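Inside the fold
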Amino acid sequence: MGGRARSVLTALATASAVAIAGCGLGPGPGTSNVTLTVTRGFGSTGVAQVTERRVPGSETVMRMLERHVRVNTRYGGGYVEAINGLSGSASHLDWFYYVNGVEASRGAATTTVNRGDRIWWDLHDWSATESVPAVVGSFPEPFLHGVGGKRLPTTVECAADAGQACKRVSAELASLGVPAATQAIGTGSGTDSLGVVVGTWRDLRGEIVASLIDKGPGSSGVYARFAGLAGDSLQLLDPHGGVARTLGAGAGLIAATAENSAEPTWVITGTDVAGVSAAAAALTPSRLRDHFALAVAGTGDLPVPLRGET
């Protein structure tokens, strides 16, 4: 089933649920400190951004969107067709949204806004994949406020040769108010927790998250993959999944993905130890802002997919 078809079916189900619920939702106490970001082209071009210190009670993602930008909807208001005049098309171009860096599992009209949420709408080409399970551009989310209003424990898994990078990652999380347990790579973060895996691609090869990325964006939603027996080159992909650029020694990557309905796992990795260190240094809100994933070459940042303009 194509992404547009799937979105339409979800919208129809959402519209039905809203019609059944009617106006039974009370005003509620409201919530606070919610950010709405609207971009296009995998975050490459900003459309709108606003932060609300106080949010009305029983607020939904759709209502918040409609209060701040011009929205055209279909199917009873459950499917976003256009924002500020920018619309999707039948040729693999649609609006998608993420809450705290996690792809939405329900329609915007039935998704409740929680305290501290970072809501991100992006208009992008889905020809390479119908789903991008997780993105890094809302960091420090989902570590700070969690998923669905529930904060989850964070575990940093460290490879033996990535000690300094691991210390940097843990220190950055701590500075943002996120305590994290540290353990050896391969131990597993368990269910109902968020994992950050730190190590070279060779170190990560046995991890589930690595196998998803190896299969390409159709499985992981990550527009980058490592090549070579030792993972000593990093291929950056374009929105259609083609190789746009290849990086060698010292290249790093920060990306996130998830398998099925599991919580997202982040990877901070590279072609070698220097690449892992470069990626760890890039784990800051300013460098990751509005990027689906980020490759690092020396001191240069390369958001992926490359050439993300719609």
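Predicted model, so just to flag it, every value in this text is computed and none were measured. (Residues numbered from 1 in each chain as written. Predicted model: local features only at pLDDT ≥ 70, side-chain atom pairs only at ≥ 80, totals over all residues. Heavy atoms only, no water.)

The helix and strand tally for the protein chain stands at 8 helices and 18 strands. Looking at the 310 residues of the protein chain, the share that counts as buried comes to 52%. In the protein chain, once contacts between residues fewer than 6 apart in sequence are set aside, the share between residues at least 24 apart is 64%. Looking at the protein chain as shown, the accessible area adds up to about 12,800 Å², and 52% of this sits on carbon and sulfur atoms. (Helix = DSSP H or I, 4+ residues; strand = E, 2+ residues; numbered from the N terminus. Buried < 20%, exposed > 50% of the residue type's maximum accessible area, 1.4 Å probe, protein only. Contact = heavy atoms within 4.5 Å. Areas by Shrake-Rupley, 256 points an atom, 1.4 Å probe, with all protein chains shown as cover.)

Our next topic: the sheet that holds strand β10 (residues 180–184). Backbone-to-backbone hydrogen bonds pair the strands of a sheet. The strands run either parallel or antiparallel. Strands sit in the order β10-β9-β11-β16-β15-β17-β18 across an open sheet of 7 strands; the sheet is mixed. Here the strands that pair on one side only, and so sit at the sheet edges, are β10 and β18 (300–304). Strand-to-strand twist in this sheet, taken as the mean axis angle between neighbours without regard to direction, amounts to 20°. Packing of helix α3 (residues 163–175) onto the sheet brings it into contact with β9 (154–158), β10, β11 (194–198) and β16 (265–270), and relative to β9 it is tilted by some 165°. Where helix α7 (residues 273–281) meets the sheet, it contacts β11, β15 (251–257), β16 and β17 (293–297), and its direction lies at approximately 130° from that of β16. (Pairing = 2+ DSSP bridges. Axes fitted to C-alpha atoms, helices over the stretch in contact; angles between N-to-C directions.)

Most often, soluble globular proteins have nonpolar side chains that are buried together. Membership of the largest hydrophobic core comes to 32 residues, with the highest contact counts inside it found for Leu234 and Leu236. When near neighbours in sequence (up to four residues on either side) are disregarded, Leu236 contacts Tyr223, Ala224, Gly242, Val243, Ala244, Arg245, Leu247, Ala295, Leu302, Val304 and Leu306. Judged by nonpolar contacts, the second largest core, of 30 residues, contains Leu152, Val196, Ala280 and Leu294. (Core = buried A, V, L, I, M, F, W, Y, C linked by side-chain atoms within 4.5 Å.)

This part covers the side chain of Asp238. Following the sequence through the fold, Asp238 ends up in the loop between β13 (233–237) and β14 (243–247). Residue classification places Asp238 among the buried positions, given a relative accessible area of 11%. For Asp238, the side chain forms a polar contact with the main-chain nitrogen of His240, separated by 2.9 Å. Apart from residues lying up to four places away in sequence, Asp238 is in contact with Tyr223, Ala244, Pro305, Leu306 and Arg307. (Polar contact = N/O pair within 3.5 Å; in protein donor to acceptor, adjacent residues only side chain to side chain.)

The two faces of the sheet receive side chains in turn, since in a regular strand these alternate between them. Counted residue by residue, strand β8 (residues 118–125) has 7 buried out of 8 residues, so it is predominantly covered. Pairing geometry for strand β1 (residues 31–40) and β8, over 6 bridges, is parallel. Within β8, the residue paired with Arg40 across the bridge is Leu123.

Bringing the environment of Arg289 into the picture now. You can see Arg289 is positioned in the loop between α8 (285–288) and β17. Through-space distance from the C-alpha of Arg289 to that of Pro303 is 9.9 Å; in sequence the pair is 14 residues apart. Setting aside anything within four residues of it in sequence, one finds Arg289 in contact with Gln49 and Gly137. Within the structure, the side chain of Arg289 is placed 3.1 Å from the side chain of Gln49, a separation counted as a polar contact.

Our next topic: α7. Listed as buried for α7 are Gly275, Val276, Ala278, Ala279 and Ala280. Check the buried side of α7 and you find it contacts α3, β11, β15, β16 and β17.

Moving on, we get to the state of the cysteines. Going through the model one piece at a time under the given rule, you end up with 1 disulfide. Disulfide pairing is shown between Cys158 and Cys166; the S-S distance is 2.0 Å. The sign of the -120° torsion about the S-S bond sets the Cys158-Cys166 disulfide as left-handed. A relative accessible area of 4% places Cys166 in the buried class. (Disulfide = S-S within 2.5 Å.)

Another aspect to go through is the packing of aromatic side chains. Where two aromatic rings form a pair, the distance of their centres and the angle of their planes describe that pair. The full count for this structure, using the stated rule, is 10 aromatic pairs. Pairing Phe42 with Tyr223 gives two aromatic rings, centres 5.2 Å apart and planes at 65°, and the pair type is edge-to-face. Residue Phe42 is located in the loop between β1 and β2 (45–55), and its partner Tyr223 is located in the loop between α6 (217–220) and β12 (224–227); the two are separated by 181 residues in the primary sequence. Neither residue differs from the other here; Phe42 and Tyr223 are each classed as buried. Arranged with centres 6.2 Å apart and planes meeting at 55°, the rings of Tyr98 and Trp120 form a pair that is tilted. Of the two residues, Tyr98 sits in strand β6 (residues 93–99) while Trp120 sits in strand β8, which places them 22 residues apart along the sequence. Exposure class is identical for Tyr98 and Trp120. Each is buried. In this structure an aromatic cluster arises from ring pairing among Phe42, Tyr98, Trp120, Tyr223 and Phe292. (Phe/Tyr/Trp six-rings, centres within 6.5 Å; stacked < 30°, edge-to-face > 60°.)

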